[in-house]
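Examining the three-dimensional arrangement
Residues per chain, in single letters:
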Amino acid sequence: MTDYKHIGKDFVPPDILGKVTGKAKYAEDFRVDGMVFARLYTSPIAHGKVTHIDTSALDTMEGVIGVLTADDVPAVEAPNAAILTNSPAYIGDPILAVAAVDELTAEEAMTRIKVTIEALPFAVDPLDSLIEGGPDAREEGNIFVRSREGSGFRTVKWSQQQVDEFRAGKEPTGEFTDEWSYGDVEGGFANAEVIFEAPFVTTGYAHMSMEARTAMAYWQNGTCYVYGSAQSQSFWMPGLARLLGVEMSKVVLISENTGGGFGSKIGAYPIAALPGYFSKKLGRPVQLRITREQEYYIGSARVGFQGWIKMGFARNGRMTAADVFIIEDIGPNATGGDGSSAGGAVSLVYDPAAMRFRGLPVLTNTTPRGAQRGPGQNQIAAVMAPLMDRAARELHMDPLEIRKINAVNSDTTVYAEQLPVTSAYMTEALEKGADMFDWDTKYNQPRRNGNKVIGVGIGQGYHSAGTKGFDGLIRITPDGKIHLHSGIGNLGTYSYASTTRAAAEVLKCEWEDCVIHHGNTEANLPWSSYQAGSVSTFTHTRANYVAAMDAVDKMKAITAETLGGVADDYDIDGERVFNISSPAQGMTYAAVAARAIQLGGAYSGASYPDDIHEITQRAVQNIAGTGLIGVAKDKLAQEGVIPGLAAAFVEIELDLETGKYDILDYVGIAECGTVMHPQGLAGQMKGGAVWGMGMAGLERHVYDPQNGLPANVGYHQCGIPTYLDVPAVIRTSAVDLPDPQNPFGARGIGEPAMGCSVAALTSAISDALGGHTFGRTPVSRDMIVNHIAGKPQSFKPQQTNNF
Amino acid sequence: MAKDMMTRFELYQPADIAGALELAGKLGPDGWLIAGGQDSLDWFKDRAKRPGAVVDLSRIESMRGIRETDSGLEIGALATVTEIEENTLIKSRYAVLADAASRVASPQIRNVGTIGGNVCQDTRCWYYRSGIDCYRAGGSTCYADTPEGMNREHCLFGADRCVAVSPSDLAPALVVLDASMVIQNKAGERTVSAQDFFIGPDTDIERMTVIEAGEILTAIRIPNTWAGARFYFEKVADRNTWDFALVNVAAAIQVENDIIQDIRIACGGVECVPRRMSVAEDIARGSAKNEETARLAAGSAARGAVPLNYNHFKISLLENLVLRAIRDS
């Protein structure tokens with residue numbers, strides 16, 4: 001293993017102190033002179049048309065500053081989310097905003113507004129809309145297909161018989177809109193020793209960001225300053241500018257800290273632009289902090305699945321074919337894409353020799369959906385784990401063995417296109433986890449002890465974990481400081497900071513001499529990827545690497561130009577550029593930086609590569625002449641899918657009289673290439689484990705089908721796991737084998753860290769119940785109690801958004 | 001609806017019960033009594049309840065503390081749930097109450113929430129809490145008791161236009177300990193047994209207890225009757241903390257020579273009031289304390305239950321908890 005100075009070492013990210021002491025500023029902590037406070041009036045019904053708004057009572061109400069309605073903001077074509085709408089499509093859809101001298105006055109004003117809404121039919125379960133005669137969630141149709149070939153509404157209905165058969169677990173015969181396949185699926189099943197089919201439901205549930213999204217905005221000389229709650233930083237800029245209707249150069253985004261996003265704040269969301277419009281209308285700064293309840297509406301939820309899967313296995317356990325059908329609950333705004341991603345995950349994690357995916361995205365009048373940690377991959381991970389156990393049982397194999405036989409490795413080809421992977425070591429992850437967990441002993445232990453029964457389970461998680469083509473930017477100033485400009489958002493993973501360590505590694509500099517700039521457009525940040533999709537680590541170690549390499553090349557060239565010789569005569573170390581054959585001859589970084597300013601041109605940022613993004617260009621323009629500039633677009637070679645992988649092992653003890661279980665042991669293994677930041681990785685693996693435990697058994701998304709009213713609009717009602725619902729110790733480790741397509745061997749891990757957990761726990765619950773597969777997440781307490789009592793479940797088969 | 005924004009109200013902080021009673025009488029329906037605030041503030045922040053005045057009882061010293069008396073214990077209504085959980089007298093003599101206290105909400109809530117508030121708290125029916133116009137809120141319908149109502153957490157027994165359940169963990173423990181609830185009003189003091197303190201929708205659909213406007217629960221007295229008995233408390237909720245019971249059970253059993261001499265069992269989460277398991281008690285009383293008795297008695301626990309669409313699992317859970325209460329106490 002390479003002996004790195006910074007890579008693979010723990011460090012203290014600079015925002016930690018503020019978070020521990022409470023000094024960290026989130027969007028709602030900012031105040032400016034003249035600022036007023038806005039609150040939202042949201043739709044009280046699930047689907048309708050606003051026919052009249054009467055705010056006349058506010059005309060004389062003390063403290064009220066103004067009202068913003070859908071007429072004041074750009075109209076948006078359905079089914080996309082608008083800033084404000086006159087066509088609400090879910091309870092909680094924002095209709096208007098009121099600004100006042102304080103939030104209390106604004107909230108009081110809400111009670112004096114009269115909004116008349118003509119009610120329209122609505123659906124809270126895709127199957128209720130899909131069935132012939134069922135209501136459509138939008139007047140334009142009940143299906144919205146997003147595709148490169150053209151997006152649009154459709155109306156798709158299944159006959160009563162088709163819905164009944166699907167509910168009964170049979171292969172769906174109704175119309176679908178998405179299909180891909182590879183290999184000979186029919187032949188794969190013909191060659192299988194064991195074949196089974198299984199229906200499944202995975203409930204989508206809220207993102208539950210602790211920071212209810214907030215934005216404050218004001219205009220200065222035609223530029224809109226937005227203090228937002230953003231998951232990404234530079235990546236927000238194009239979308240935010242588009243929402244505000246201005247050039248990107250006329251927007252400044254300040255988002256130093258974000259209280260969670262989990263996929264719900266990846267790009268600029270409409271409500272973040274509301275204060276910009278309101279501020280323009282009122283001529284005053286406006287802050288909008290939505291309520292906890294509204295965060296459960298506007299803050300979005302995971303896509304729910306209602307599906308069917310058929311799998312075939314050869315005698316040796318290899319999966320010969322898989323056939324997957326998924327109805328996606330895409331909410332009112334047609335956001336999702338989880339279904340096909342789930343199919344992709346089946347292809348990658350279990351490597352069936354042949355596979356087909358079919359999907360149907362159905363609109364509902366429930367919380368808007370959005371990418372949530374492992375969107376698609378983690379839902380299907382929970383579905384697959386107990387089914388892999390079932391296959392193992394029918395083939396008389398160890399559940400670990402069947403996973404190893406089908407494990408993705410560096411030669412596996414994946415997805416419909418059968419693409420290569422950059423590298424993959426799932427077998428190593430499984431073996432390392434089995435060893436730490438002591439799988440053989442736990443798997444073979446006596447299971448029953450009075451009312452208690454032990455269950456063990458294995459889970460595998462996957463998400464693509466990297467992208468390419470973004471920019472890196474660093475600057476060395478004459479005081480010897482190394483400025484690392486990071487355009488990634490500060491979601492809480494610390495990757496905005498840990499990825500800059502790649503630049504420090506290249507520059508062989510001391511971490512104490514480095515200054516990270518982030519969280520504010522005016523901090524001159526480069527064009528960076530979204531802080532999501534597990535991509536930051538792979539993508540921005542590369543971007544920081546190329547920027548630092550550019551700086552090194554420039555420093556060598558400057559030194560050669562100053563001291564004689566050619567650049568190749570020089571090397572770097574100890575924050576000096578020195579002559580390789582005469583190390584005493586050289587220049588400090590500080591001196592080189594001062595010289596760069598004198599020499600100008602590309603050295604000082606006066607000129608820059610023409611392939612860098614306009615955001616990076618503006619950043620360079622602003623800092624040009626202040627030091628030596630290292631700036632480059634990542635054009636390093638990259639081919640194939642970049643997998644982030646994880647494996648988990650869980651042991652539970654389930655009480656057969658109460659349906660409750662305790663998690664006795666948890667081991668999670670990351671397979672993310674070289675470990676960049678051990679503490680950060682452990683945080684991801686543990687946080688992912690907890691979230692997976694919530695998805696497996698606790699977290700709910702309940703809608704009343706009578707009125708479209710959601711039952712879960714608070715942390716308590718949603719059932720997120722508490723400290724006492726998870727094991728006191730969550731053990732984690734990593735395979736730590738380098739990926740060849742990253743300069744330091746690193747790949748991402750965020751999402752698989754959760755997928756392996758929900759899969760392992762679902763598998764363990766099934767194991768504890770003698771292999772019973774519920775075909776549903778979460779496996780709630782009542783489901784376990786009913787199963788043990790031999791009673792039917794309360795809900796209709798394949799029903800969703802219910803208890 | 002969770003608006004995170006309380007309406008304005010006048011705050012009164014009387015120093016004694018007389019002052020509080022005077023305020024309560026004067027303010028009438030516009031006044032709201034608050035102790036730890038763990039239920040009240042939820043209502044206020046959700047703007048579903050908008051009292052014009054709040055009477056904060058927390059400064060009334062005489063309502064604090066846990067005192068030994070000739071006939072047992074007197075617990076001030078302002079004693080926090082943590083104090084109940086940690087009190088050595090309660091732990092040694094009435095462990096069922098300490099055990100129940102240890103399972104209330106979360107440590108943070110227990111530190112602030114009071115025993116008075118715990119037994120007076122309103123039901124957690126999610127429809128009702130969302131502020132809609134159900135029967136309990138003065139309207140003319142129950143959204144939970146319909147063919148499509150989401151009623152997993154609702155009642156098995158005693159439905160009468162409303163299917164909400166008692167959310168308290170302390171209430172069943174107080175019922176099995178045969179506690180007396182001390183209520184003060186302008187006319188003086190009256191005591192009501194814990195069993196009779198809680199009322200169902202058939203008695204008053206808008207209240208959970210017998211407390212009338214202008215009255216204050218000031219203390220809870222626990223008689224010596226069950227001191228040192230065998231006890232059992234168990235709560236099954238979705239989560240291990242910060243959750244309400246799907247079903248809970250409290251039991252007090254007097255055993256001599258392995259024969260159950262006397263027994264009281266009460267369950268929460270299955271009816272609007274803590275439900276006495278009278279038939280199970282009758283079956284168990286006089287029988288050997290063993291698995292067979294426990295199973296016989298448990299078999300009666302759900303007799304008369306009328307499950308709703310999503311809560312028939314509570315029948316199995318109720319039977320199993322009664323079984324455990326007798327078998328494992």
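Predicted, not measured: the structure shown is a model, and the values here were computed from it. (Residues numbered from 1 in each chain as written. Chains lettered and ligands numbered in written order. Predicted model: local features only at pLDDT ≥ 70, side-chain atom pairs only at ≥ 80, totals over all residues. Heavy atoms only, no water.)

1. Notes on unusual backbone geometry
Residue and element names in this part refer to chain A.
- The linkage connecting Ala78 with the following residue, Pro79, adopts the cis geometry, with an omega of 5°.
- Among the structural elements, Pro79 can be located in the loop between strand S3 (64–69) and strand S4 (94–100).
- The peptide bond linking Thr777 to Pro778 adopts the cis configuration, its omega dihedral lying at 0°.
- Mapped onto the fold, Pro778 is located in the loop between strand S33 (776–777) and helix H22 (781–788). (Helix = DSSP H or I, 4+ residues; strand = E, 2+ residues; numbered from the N terminus.)

2. A short note on the packing of aromatic side chains
- Here the structure, examined in full by the defined rule, presents 28 aromatic pairs over all chains.
- Plain terms: the ring middles of Tyr4 of chain A and Phe744 of chain A are 5.6 Å apart, the flat faces sit at 70° to each other, and that makes the pair edge-to-face. Of this pair, Tyr4 of chain A sits in the segment before helix H1 (16–21) while Phe744 of chain A sits in the loop between strand S32 (731–734) and helix H21 (752–768), and the two are 740 residues apart along the sequence. Neither residue differs from the other here; Tyr4 of chain A and Phe744 of chain A are each classed as buried.
- Ring centres 5.9 Å apart and planes at 85° place the aromatic pair Phe176 of chain A and Phe325 of chain A in the edge-to-face group. Residue Phe176 of chain A is found in the loop between helix H4 (160–167) and strand S8 (178–182), and its partner Phe325 of chain A is found in strand S15 (residues 319–329); the two are separated by 149 residues along the sequence.
- On the accessibility criterion, Phe176 of chain A (26% relative accessible area) is partly exposed.
- The class for Phe325 of chain A is buried, based on a relative accessible area of 0%.
- A network of ring pairs unites the aromatic residues Phe30, Tyr218, Tyr225 and Tyr227 of chain A as a single cluster.
- We note Lys49 of chain B situated over the ring of Trp43 of chain B; from NZ or CZ to the ring centre the distance is 4.7 Å. (Phe/Tyr/Trp six-rings, centres within 6.5 Å; stacked < 30°, edge-to-face > 60°. Buried < 20%, exposed > 50% of the residue type's maximum accessible area, 1.4 Å probe, protein only. Lys NZ or Arg CZ within 6 Å of the ring centre and 35° of its normal.)

3. Examining the interface of chain B and chain A
- With 47 residues of chain B in contact, the opposing surface of chain A contributes 52 residues.
- Summed over both partners, the interface of chain B with chain A comes to about 4100 Å²; 54% of that surface belongs to carbon and sulfur atoms.
- Considering only the surface of chain B that becomes buried against chain A, Trp126, Arg239 and Asn240 of chain B emerge as the three largest contributors, covering 15% of it.
- Viewed at the interface, chain A and chain B are joined by 7 salt bridges.
- Across the salt bridge formed by Arg47 of chain B and Glu108 of chain A, the nearest N and O atoms sit 3.1 Å from each other.
- The interface formed by chain B and chain A includes 23 residue pairs in polar contact (both at pLDDT 80 or more).
- When contributions to the side of chain B that touches chain A are tallied by element, the ones reaching two or more residues are helix H8 (126–129), strand S9 (230–236) and helix H13 (313–328) of chain B.
- Per-element accounting of the side of chain B that touches chain A gives the leading share, 9 residues, to H13 of chain B.
- Looking at the side of chain B that touches chain A, its residues break down into 20 nonpolar, 12 polar and 15 charged. (Contact = heavy atoms within 4.5 Å. Buried area = accessible area lost by both parts, 1.4 Å probe. Salt bridge = Lys/Arg side-chain N within 4 Å of Asp/Glu carboxyl O. Polar contact = N/O pair within 3.5 Å; in protein donor to acceptor, adjacent residues only side chain to side chain. Nonpolar A, V, L, I, M, F, W, Y, C, P; charged D, E, K, R; others polar.)

4. Re the sheet that holds strand S5 (residues 72–76) of chain B
All names here are of chain B.
- Strand order across the open sheet formed by 5 strands is S4-S5-S8-S6-S7, with antiparallel pairing between neighbours. Edge positions in the sheet fall to strand S4 (66–69) and strand S7 (188–193), since each has one partner strand and no second. In this sheet, adjacent strand axes meet at a mean angle of 25° when their direction is disregarded.
- Judged from the 5 bridges that link them, S5 and strand S8 (residues 216–223) form a sheet pairing that is antiparallel. Across the sheet, Leu73 pairs through a bridge with Ile222, a residue of S8. (Pairing = 2+ DSSP bridges. Axes fitted to C-alpha atoms, helices over the stretch in contact; angles between N-to-C directions.)

5. A word on the pattern of salt bridges
Residue and element names in this part refer to chain A.
- Tallied over the full model, the rule gives 69 salt bridges over all chains.
- Between Arg289 and Glu28 there is a salt bridge; the shortest N-O distance is 3.3 Å. Of this pair, Arg289 sits in strand S13 (residues 286–289) while Glu28 sits in the loop between H1 and strand S1 (36–42); the two residues are 261 residues apart in sequence, bridging distant segments of the chain.
- Take Glu28: its relative accessible area is 28%, and that puts it in the partly exposed class.
- Arg403 is paired through a salt bridge with Asp389; the nearest N and O atoms lie 2.8 Å apart. Taken together, the residues Arg403 in helix H11 (residues 399–405) and Asp389 in helix H10 (residues 377–394) connect sequence positions 14 residues apart. Note on accessibility: Arg403 and Asp389 belong to one class, buried.

6. Some words on the sheet that holds strand S20 (residues 452–464) of chain A
Residues and elements named next belong to chain A.
- One open sheet holds the 5 strands; their spatial order is S19-S20-S28-S29-S32, and the pairing between them is mixed. The open sheet has two free edges, formed respectively by strand S19 (448–449) and S32, since each of these has just one partner strand.
- Two elements, strand S28 (residues 643–655) and strand S29 (residues 661–671), share 10 bridges in a ladder whose sense is antiparallel. What sits directly across from Leu645, in S29, is Glu671.
- The strands touched by helix H19 (residues 678–697) within the sheet are S28, S29 and S32, with S29 carrying the most contacts at an inclination of about 135°.
- Docked against the sheet, H21 engages S20, S28 and S29, running at close to 150° with respect to S20.

7. Describing the environment of Arg369 of chain A
All names here are of chain A.
- Along the polypeptide, Arg369 turns up in the loop between strand S16 (355–362) and H10.
- Residue Arg369 is classed as buried on the basis of its relative accessible area of 3%.
- Engagement of the side chain of Arg369 in a polar contact is seen with the side chain of Asp329, the distance being 2.9 Å.
- In terms of polar contacts, Arg369 uses its side chain to reach the backbone carbonyl oxygen of Thr367, at 3.0 Å.

8. Section: the domain arrangement of chain A
Residues and elements named next belong to chain A.
- Per the domain assignment, the segments of chain A are domain 1 (17–121 + 218–290), domain 2 (383–466 + 640–789) and domain 3 (467–633).
- When each unit is reduced to the centre of its C-alpha atoms, the spacing between domain 2 and domain 3 is 40 Å.
- If you look at the interface, domain 2 gives 20 residues, while domain 3 gives 16 residues.
- Between domain 2 and domain 3, a total of about 1300 Å² is buried, with carbon and sulfur atoms accounting for 68% of that surface.
- Contact with domain 3 buries surface across domain 2, with Gly466, Met676 and Phe744 losing the most and accounting together for 36% of the total.
- Seen at the junction of domain 2 and domain 3, the total is 0 salt bridges. (Domains from an automatic or database assignment.)

9. Some thoughts on the environment of Ser180 of chain B
Residues and elements named next belong to chain B.
- Tracing the backbone shows Ser180 in strand S6 (residues 180–185).
- For the pair Ser180 and Pro147, spaced 33 residues apart in sequence, the C-alpha to C-alpha distance is 39 Å.
- Apart from residues no more than four positions distant in its own chain, Ser180 is found in contact with Thr191, Val192, Ser193, Ala219, Ile220 and Arg221.

10. What about the confidence of the model for chain B?
- On average, residues of chain B score 96 in pLDDT, and 99% of them reach the 70 mark or higher.
- Reported for the predicted complex are a pTM of 0.98 and an ipTM of 0.97. (pLDDT = per-residue confidence, 0-100.)

11. Here we look at the domain arrangement of chain B
Residues and elements named next belong to chain B.
- According to the domain assignment, chain B consists of domain 1 (1–60) and domain 2 (64–120 + 165–328).
- Measuring from the centre of the C-alpha atoms in domain 1 to the corresponding centre in domain 2 gives 26 Å.
- Contact residues are listed per partner, giving 12 residues for domain 1 and 13 residues for domain 2.
- Both sides of the domain 1 and domain 2 interface together cover about 1100 Å² of buried area, and 72% of this is carbon and sulfur.
- Considering only the surface of domain 1 that becomes buried against domain 2, Ile17, Leu21 and Gln38 emerge as the three largest contributors, covering 42% of it.
- When residues of the side of domain 1 that touches domain 2 are assigned to their parent elements, the largest contribution, 5 residues, is made by helix H1 (residues 17–27).

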